[in-house]
Amino acid sequence: MKKAMFYGILASFFFAFTFLLNRSMNLSGGYWLWSAGLRYIFMLPMLGLLVAVSPGRSLRPVLAAIREKPWQWILWSTVGFGLFYLPLTLASVYGESWLTAASWQLTIVAGVLLTPLFGQKIPLKNLGMSCLILVGVLLLQLQNLSAGTGSGLVALIPITVAAFAYPLGNRKMMTVCPPEMDAIERVFGMTLCSIPFWIVACVVAYCNAGWPTGGQTVQSLAVALFSGVVATILFFHATDLVKGNQGRLAAVEATQCGEVVFTLLGGVLVLGDDLPTAAGFAGLALIVVGMAANSLLASGGGKERSE
């Protein structure tokens, strides 16, 4: 369990590049839909090469698994990647990088609430700690809401869609993939099966804004590498380690709250974002406490039988 939590926190560091670079592209005039689509277009050859050259891995079994259940792969890959990242990128238009990252922590509660869909009861202790994290998120956003801009509330609409789509697509694909398929192969297969969605997104982006700039292309490439490949593989590997226990799985998903801290630091130091108010810093403290409490709860459940 400690290894899974470590991978989850490390993944949250690399996921922070998503919020920072998307905000940077918005500030420089890049069209948000290009930021979304280019990430997955660039991810595909990276992951394909990684699977092809890694010892013990091959493209052939992944493609064979997709041929066995093509519509399930396309559906849940589109949900887990398409309906996750497109709304999340749209949300970055409406506020500072750490505001989007903080709002994204809705996925922690979403992950807990989804457990009945997989034949298990909602882990109430995890839900309680997740709600503590969300109180921290609300405190962190308080300065934006009190300023009267309304940007935080507008951004919550697409973020809520993304918050449920990501854990739902990830967990559904765990049941679709063969047990011998590892996280890297699964991410490659999901990226491949979501490409039709991203091609449509790129066509719409071209019709509305023309071709992306060179700067946006380079930054999208960086998002694809750090967040799309490194972070996603780390996070999926972490969830694979605990996929037999929904309580522990919820705790690993809660490590994503680390994105708020990493994004806040990067936004202030690199993008010149404003610091949170005193209430905001209190919110950060609650987020860290909630994450630690989730970890302790999951570790305490180590004697429970995995299902």
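Since the model is a prediction, treat every value here as computed from it, not as a measurement.

A. Spatial organisation of the overall build of the protein chain. When helices and strands are counted, the protein chain shows 13 helices and zero strands. Helices and strands in the protein chain line up, N terminus first, as α-α-α-α-α-α-α-α-α-α-α-α-α. Taking the principal axes of its C-alpha atoms as reference, the protein chain extends roughly 55 × 55 × 30 Å. For the protein chain, buried positions account for 55% of its 307 residues. Residue pairs in contact within the protein chain that sit at least 24 positions apart in sequence constitute 88% of those at least 6 positions apart. When the accessible surface of the protein chain is totalled, it reaches about 12,900 Å², and 71% of it is carbon and sulfur.

B. Seen up close, the packing of helix 1 (residues 2-27) against helix 10 (residues 214-241). Relative orientation of the contacting elements helix 1 and helix 10 amounts to 160°, with a least axis distance of 8 Å. Considered as vectors, helix 1 and helix 10 are oriented roughly antiparallel to each other. Taken as a pair, helix 1 and helix 10 cross one another with a handedness that is left-handed.

C. Spotlight on the packing of aromatic side chains. Per the stated rule, a full pass over the model turns up 20 aromatic pairs. Pairing Tyr 31 with Trp 32 gives two aromatic rings, centres 6.2 Å apart and planes at 55°, and the pair type is tilted. Residue Tyr 31 is classed as partly exposed on the basis of its relative accessible area of 24%. Residue placement shows Arg 39 over the ring face of Tyr 85; its charged tip is 4.2 Å from the ring centre.

D. How the structure looks around a nonpolar patch on the surface. A grouping of Ile 41, Ile 199 and Val 203 is seen on the molecular surface, where their side chains present a nonpolar patch of about 230 Å² in accessible area. If you trace the backbone, Ile 41 turns up in helix 2 (residues 32-53).

E. View of helix 6 (residues 106-113). The element helix 6 is extensively covered by neighbouring structure, given that six of its eight residues are classed as buried. Three or more residues of helix 6 are buried, namely Thr 107, Ile 108, Val 109, Ala 110, Gly 111 and Val 112.

F. Quick look at empty space enclosed by the protein. Here the structure, examined in full by the defined rule, presents one cavity of 30 Å³ or more. Computed from the structure, the largest cavity encloses a volume of approximately 60 Å³. Elements with a contribution of two residues or more to the lining of the largest cavity: helix 1 and helix 4 (70-91). The dominant element in the lining of the largest cavity, judged by the number of residues it contributes, is helix 1, at three residues. For the lining of the largest cavity, the residue count by class is six nonpolar, two polar and two charged.

Cut-offs and rules
Residues numbered from 1 in each chain as written. Predicted model: local features only at pLDDT ≥ 70, side-chain atom pairs only at ≥ 80, totals over all residues. Heavy atoms only, no water. Helix = DSSP H or I, 4+ residues; strand = E, 2+ residues; numbered from the N terminus. Buried < 20%, exposed > 50% of the residue type's maximum accessible area, 1.4 Å probe, protein only. Contact = heavy atoms within 4.5 Å. Areas by Shrake-Rupley, 256 points an atom, 1.4 Å probe, with all protein chains shown as cover. Axes fitted to C-alpha atoms, helices over the stretch in contact; angles between N-to-C directions. Parallel < 35°, antiparallel > 145°, perpendicular 65-115°, else oblique. Left-handed = near helix turned anticlockwise from the far one by under 90°. Phe/Tyr/Trp six-rings, centres within 6.5 Å; stacked < 30°, edge-to-face > 60°. Lys NZ or Arg CZ within 6 Å of the ring centre and 35° of its normal. Patch = residues over 30% accessible without salt bridge, like charges linked within 9 Å, V, L, I, M, F, W, Y side chains within 5 Å. Salt bridge = Lys/Arg side-chain N within 4 Å of Asp/Glu carboxyl O. 1 Å grid on protein atoms, 1.4 Å probe; cavity = no way out; pocket = protein on both sides within 12 Å on 5 of 7 lines; lining within 4 Å. Points joined across faces, edges and corners; volume = space filled by probe spheres on them. Nonpolar A, V, L, I, M, F, W, Y, C, P; charged D, E, K, R; others polar.

Shape is all these values report; function is a separate question.
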